[in-house]
Amino acid sequence: MSSLAKRVILTFTSVPALFSLIYFFPQQHHLGFAILTVLAVFVGSYEIKGLLFTGEDKPLVPFWIPMLFPVFQYIELVWFPRRPLFYLVLVIFFSFVFMKEVFNGEKDRFSGTIDRISRSLFLLIYPGFFSIFLIRLLMFEHATFLLLMLFLLVFGNDTFAYIFGMWLGKGNRNIVAVSPNKSMAGFIGGIACTIAISVGWSAAIPAMRDIFTLPESILVGFVIALTSNIGDLIESALKRCAQVKDSGTIIMGRGGLMDSIDSLLMSAPFFLILIQLFI
């Protein structure tokens, strides 16, 4: 089966399932989606660990620790909104990394201390820290439609950039060294279609009309298109550094989970900030 066929099958199975989870199961502030986010961080952190640490080289913190970030962010927002549980957990694990290196660094007379700390902190931040912005979206009054909008924009940008790149991008590829197959046609086409999706969704859903004006929906589409591309390029840079094609093998036709959610993770913080500015 070709890679394109696998991508098509994946699109027509996983995307409807995800959208159904968001739309039909909003109970307890979208608890089902929150659990899915935790599982995604678990798998994503495992993949990032594989990119950052090879051979006998190990992180200063277990790879599964970042999955606790969305857990505590959800607990804080739902049950203890006046208690900074998430930041407490974040500081504890950051401090743990520093303290463990104090004893761990003796093995090479601390020559690799900065490198080990940097990579271990990166493992905590990405995807763990970035995932909390998805959890924070769950607390808004119209969380269902906001989540659907974010996914539509991110997936739409990826899909239409791919279509325009295949259609018109043969003579304008290699616009960035980290991803030679990226084309100017795909980049521009993806942005234009993402803006169109944003405007259409904001106009079609009454709840969204109360949040986004026409200029604001245009801005949201433009920003999410840019951040989606940035997330994809960062993942490409990590894979090139690790000299691998994909971050993993869990998803048919796509490679690793991080290959599919990198754009979403980078876009979620900006989407949340824009919403807070507009409300």
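Scroll up to find the structure.
Residues numbered from 1 in each chain as written. Predicted model: local features only at pLDDT ≥ 70, side-chain atom pairs only at ≥ 80, totals over all residues. Heavy atoms only, no water.

## A short note on the environment of Phe72
Here Phe72 shows up in helix H3 (residues 68-79). Residue class for Phe72 comes out partly exposed when judged on its relative accessible area of 27%. Sequence separation between Phe72 and Leu134 is 62 residues, and the spatial gap between their C-alpha atoms is 13 Å. Ignoring anything within four residues of it in the chain, the contact list for Phe72 reads Leu85, Phe86 and Val89. (Helix = DSSP H or I, 4+ residues; strand = E, 2+ residues; numbered from the N terminus. Buried < 20%, exposed > 50% of the residue type's maximum accessible area, 1.4 Å probe, protein only. Contact = heavy atoms within 4.5 Å.)

## Some remarks on the nonpolar core
Counting residues in hydrophobic clusters, the biggest one holds 65 residues, and the most contacted among them are Leu137, Leu150, Met208, Phe212, Val220 and Phe271. Among residues more than four places away in sequence, those in contact with Leu137 are Ala143, Leu147, Leu150, Phe271, Leu272 and Ile275. (Core = buried A, V, L, I, M, F, W, Y, C linked by side-chain atoms within 4.5 Å.)

## Some remarks on the pattern of salt bridges
Applying the stated criterion across every chain yields a total of six salt bridges. Close ionic contact of Asp108 with Arg116 constitutes a salt bridge, the shortest N to O distance being 2.8 Å. In this structure, a network of salt bridges that share partners links the residues Asp57, Asp115 and Arg119. (Salt bridge = Lys/Arg side-chain N within 4 Å of Asp/Glu carboxyl O.)

## Structural notes on a nonpolar patch on the surface
Judged by side-chain polarity, Phe160, Tyr162, Ile163 and Met166 come together as a nonpolar surface patch covering roughly 350 Å² of accessible area. Along the chain, the position of Met166 falls in helix H6 (residues 143-168). (Patch = residues over 30% accessible without salt bridge, like charges linked within 9 Å, V, L, I, M, F, W, Y side chains within 5 Å. Areas by Shrake-Rupley, 256 points an atom, 1.4 Å probe, with all protein chains shown as cover.)

## Here we look at the environment of Asp259
Secondary-structure assignment places Asp259 in helix H10 (residues 258-278). For the pair Asp259 and Ser236, spaced 23 residues apart in sequence, the C-alpha separation works out to 8.6 Å. Other than its neighbours up to four places away in sequence, Asp259 contacts Glu235, Lys239, Asp246, Ser247, Gly248 and Arg254.

## Section: the packing of helix H5 (residues 113-137) against H10
Angle between the axes and distance between the axes: these two values describe a pair of packed helices. The geometry of H5 relative to H10 is characterised by a closest axis approach of 8 Å and an angle of 50° between their N-to-C directions. Compared by their axis directions, H5 and H10 come out oblique. Taken as a pair, H5 and H10 cross one another with a handedness that is left-handed. Contacts between H5 and H10 pair Tyr126, Pro127, Phe130, Ser131, Phe133, Leu134, Arg136 and Leu137 from the former with Met258, Asp262, Leu264, Leu265, Met266, Ala268, Pro269, Phe271, Leu272 and Ile275 from the latter. When grouped by side-chain class, the residues that make up the contact of H5 with H10 number 15 nonpolar, one polar and two charged. (Axes fitted to C-alpha atoms, helices over the stretch in contact; angles between N-to-C directions. Parallel < 35°, antiparallel > 145°, perpendicular 65-115°, else oblique. Left-handed = near helix turned anticlockwise from the far one by under 90°. Nonpolar A, V, L, I, M, F, W, Y, C, P; charged D, E, K, R; others polar.)

## Observations regarding the packing of aromatic side chains
Under the criterion given, the structure shown has 17 aromatic pairs. With centroids separated by 5.7 Å and ring planes inclined at 50°, the aromatic side chains of Phe122 and Tyr126 adopt a geometry described as tilted. Pair noted here: Phe122 and Tyr126 are both in helix H5, with a separation of four residues, about one helical turn. With a relative accessible area of 29%, Phe122 lands in the partly exposed category. The class for Tyr126 is buried, based on a relative accessible area of 3%. (Phe/Tyr/Trp six-rings, centres within 6.5 Å; stacked < 30°, edge-to-face > 60°.)

## Thoughts on unusual backbone geometry
Here the bond from Tyr126 into Pro127 is cis, since omega is 15°, no more than 30 degrees from zero. Following the sequence through the fold, Pro127 ends up in helix H5. One non-glycine residue, Phe110, lies in the positive phi region at around 65°. Within the secondary structure, Phe110 sits in the loop between helix H4 (85-104) and H5. With a relative accessible area of 43%, Phe110 lands in the partly exposed category. Positive phi values are uncommon outside glycine, yet Asn174 reaches one of about 60°. When you line up the elements, Asn174 lands in the loop between H6 and helix H7 (184-204).

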